[in-house]
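This is what each chain is made of:
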Amino acid sequence: MIRVGWTLLLSACMLTGHAKPGEGQTGTASSRSTLAGVYLAQQAEKGQELYAGRCRSCHTQAAHIVSFKSAWTGQSLAEPFQYLMDEMPKDNPGTLSAEETADLVAYFLRLIGMPAGTDSLSADPEALKSIQIDTLATPSRPG
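Residues numbered from 1 in each chain as written. Predicted model: local features only at pLDDT ≥ 70, side-chain atom pairs only at ≥ 80, totals over all residues. Heavy atoms only, no water.

## A word on the nonpolar core
And then number 1: Core analysis: the largest hydrophobic core is formed by 27 residues, its most contacted members being Leu77, Leu104, Leu109 and Leu121.
And then number 2: Looking at which element gives the most residues to this core, the answer is helix α5 (residues 98–111), with 7 residues.
And then number 3: Setting aside residues up to four positions removed in sequence, leucine 121 forms contacts with Val38, Tyr39, Leu40, Gln43, Leu77, Ala102, Val105, Ala106, Leu128 and Ile131. (Core = buried A, V, L, I, M, F, W, Y, C linked by side-chain atoms within 4.5 Å. Buried < 20%, exposed > 50% of the residue type's maximum accessible area, 1.4 Å probe, protein only. Helix = DSSP H or I, 4+ residues; strand = E, 2+ residues; numbered from the N terminus. Contact = heavy atoms within 4.5 Å.)

## Let's talk about helix α3 (residues 61–72)
And then number 1: Compared with the 16 Å implied by 1.5 Å per residue over 12 residues, the 16 Å span of α3 between its first and last C-alpha is a close match.
And then number 2: Among all positions of α3, only His64, Phe68 and Trp72 are buried. Seen from one end, α3 has its buried residues packed into an arc of 25°, which puts them on one side. Facing away from the buried side of α3 by more than 90 degrees, the exposed set consists of Ala62, Val66 and Ser70.
And then number 3: In this structure, the buried residues of α3 make contact with α2 (41–54), α4 (78–87) and α5.
And then number 4: Immediately beyond the C-terminal end of α3, within one or two residues, lies glycine 74, with a positive phi of roughly 90°. (Expected span 1.5 Å × (residues − 1). Arc of directions from axis to C-beta.)

What follows is the structure in structure tokens.
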């Protein structure tokens, strides 16, 4: 009887002391970084064309660079993706397709200095949850 109790106690300690395979310290699924190149250059070009036609009348590129970095750094790509899907364009929210939204996100990633990669950015919000938005550190100015 005592042996069973110790076995259960030891098992419980082992389960609570270790993350599941594929999980980090926070318990979230392992993630990729936008610094690794998560979109195609052609996709960002399509996003730029879409931006020029549907977004530029309300937003400036410079404003997006600052706001995208401040609002989304450290978040998953699913966050800005879903925001764009639900809230944009301002004059007709919710009318962007998933592919158009992925192209816009790719363009925003290019704007903030993220490198292009060899695979297209997914238009699946679930897949985007595993990609974390990281940004390059801004070099400090001398003196």
